[in-house]
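Here is how the chains run, residue by residue.
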Amino acid sequence: MHPLQFLVPLDQLAAVEPVVPHVALVLVLANFATRFLGHRSHVRQAKEGGEEAISRYLPHSISSGALVLTSFLYLLVEPHGGMVLTVLVVGMFVTDFFEFEARKVEARTDKPLERPNGSLVAATLVLLYAAFQSLFFLVADYWNLIV
């Protein structure tokens, strides 16, 4: 039973099913780049204007939002893998929110801004799973020997 069989308009999404894991992997890599640039921007903003000057880095917010939407799309076309990816991505999204607030607290108390370690770990987990889903064909033979 295909999960989209009762949803006629959404059944057309099955055509994009092979592409979605690759899009997720590219978005995770872009998210790492925007995370690095955003942290650099936050450090600069904290030095210049303190806590009030720190604002969310728009490219990182866009890449995170696109990654959440892509994981929801993957949930529609591949329920098991999509659920795991969605849980990891939403966890990363929530961690990003709290890491941003932590940077504002550090700027308010005049501490040097630390790297967002929690969200880096969450993003690494998302990267590993997205790479596993999109590059599974590389390890499929070895995986089938074990499983």
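On a predicted model such as this, the values are computed, not experimentally measured, just so you know. (Residues numbered from 1 in each chain as written. Predicted model: local features only at pLDDT ≥ 70, side-chain atom pairs only at ≥ 80, totals over all residues. Heavy atoms only, no water.)

Trainee: Go over the layout of surface pockets with me, naming the residues and quoting the values.
Mentor: Estimated volume of the largest pocket: approximately 340 Å³. Lining the largest pocket are 18 residues, with His42, Arg56, His60, Asp96 and Phe100 positioned closest to its centre. Looking at the lining of the largest pocket, the elements with two or more residues in it are helix H1 (20–49), helix H2 (58–77) and helix H3 (79–108). Considering every element that reaches the lining of the largest pocket, the biggest residue donor is H3, with six residues. (1 Å grid on protein atoms, 1.4 Å probe; cavity = no way out; pocket = protein on both sides within 12 Å on 5 of 7 lines; lining within 4 Å. Points joined across faces, edges and corners; volume = space filled by probe spheres on them. Helix = DSSP H or I, 4+ residues; strand = E, 2+ residues; numbered from the N terminus.)

Trainee: Talk me through the nonpolar core; I want residue IDs and the actual numbers.
Mentor: Core analysis: the largest hydrophobic core is formed by 17 residues, its most contacted members being Leu67, Leu85, Val89, Met92 and Val126. Elements with a minimum of two residues in this core: H1, H2, H3 and helix H4 (117–134). Counting residues in each nonpolar core, the second largest holds five residues, with Ala46, Ile54, Phe100 and Ala107 among its members. (Core = buried A, V, L, I, M, F, W, Y, C linked by side-chain atoms within 4.5 Å. Buried < 20%, exposed > 50% of the residue type's maximum accessible area, 1.4 Å probe, protein only.)

Trainee: So what about unusual backbone geometry? Which residues, and what values?
Mentor: The phi dihedral of Asp110 falls on the positive side, at around 60°, and the residue is not glycine. Looking at the secondary structure, you find Asp110 in the loop between H3 and H4. Classification of Asp110 by relative accessible area gives exposed; the value is 70%.

Trainee: Got a sec to walk through the environment of Tyr74? Specific residues and values, please.
Mentor: If you trace the backbone, Tyr74 turns up in helix H2. Residues Tyr74 and Glu51 lie 23 residues apart in sequence; the distance between their C-alpha atoms is 38 Å. Those residues in contact with Tyr74 that sit more than four places away from it in its chain are Val20, Pro21, Pro79, Gly81, Gly82, Leu85 and Gln133. (Contact = heavy atoms within 4.5 Å.)

Trainee: Pulling in residues and values, what's your account of the packing of H1 against H4?
Mentor: For the pair H1 and H4, interaxial distance at closest approach is 8 Å and the crossing angle is 155°. Classed by the angle they form, the pair H1 and H4 counts as roughly antiparallel. Along this stretch, H1 crosses H4, giving a crossing that reads as left-handed. Two secondary-structure elements touch here, H1 through Pro21, His22, Ala24, Leu25, Val28, Leu29, Phe32 and Arg35 and H4 through Ser119, Leu120, Ala123, Thr124, Val126, Leu127, Ala130, Ala131, Gln133 and Ser134. Partitioning the contact of H1 with H4 into residue classes produces 12 nonpolar, five polar and one charged. (Axes fitted to C-alpha atoms, helices over the stretch in contact; angles between N-to-C directions. Parallel < 35°, antiparallel > 145°, perpendicular 65-115°, else oblique. Left-handed = near helix turned anticlockwise from the far one by under 90°. Nonpolar A, V, L, I, M, F, W, Y, C, P; charged D, E, K, R; others polar.)

Trainee: Describe the environment of Leu27, and please don't skip the residues or the numbers.
Mentor: Within the fold, Leu27 resides in helix H1. Through-space distance from the C-alpha of Leu27 to that of Ser64 is 8.1 Å; in sequence the pair is 37 residues apart. Apart from residues no more than four positions distant in its own chain, Leu27 is found in contact with Ala66, Leu67 and Thr70.

Trainee: Residue-level account of the packing of aromatic side chains, with values.
Mentor: This structure, assessed with the given rule, holds five aromatic pairs. Aromatic side chains Tyr129 and Phe132 sit 6.2 Å apart centroid to centroid with 40° between the ring planes, which places their arrangement in the tilted category. Here Tyr129 and its partner Phe132 are both found in helix H4, three residues apart, which amounts to about one turn of the helix. Under the relative-accessibility criterion, Tyr129 is labelled buried at 14%. Note on Phe132: relative accessible area 29%, which makes it partly exposed. Taken together, a centroid distance of 5.3 Å and an interplanar angle of 80° make the contact between Phe132 and Phe136 edge-to-face. By the ring-pair criterion, three or more aromatic residues cluster together here, those being Tyr129, Phe132, Phe136 and Trp143. (Phe/Tyr/Trp six-rings, centres within 6.5 Å; stacked < 30°, edge-to-face > 60°.)

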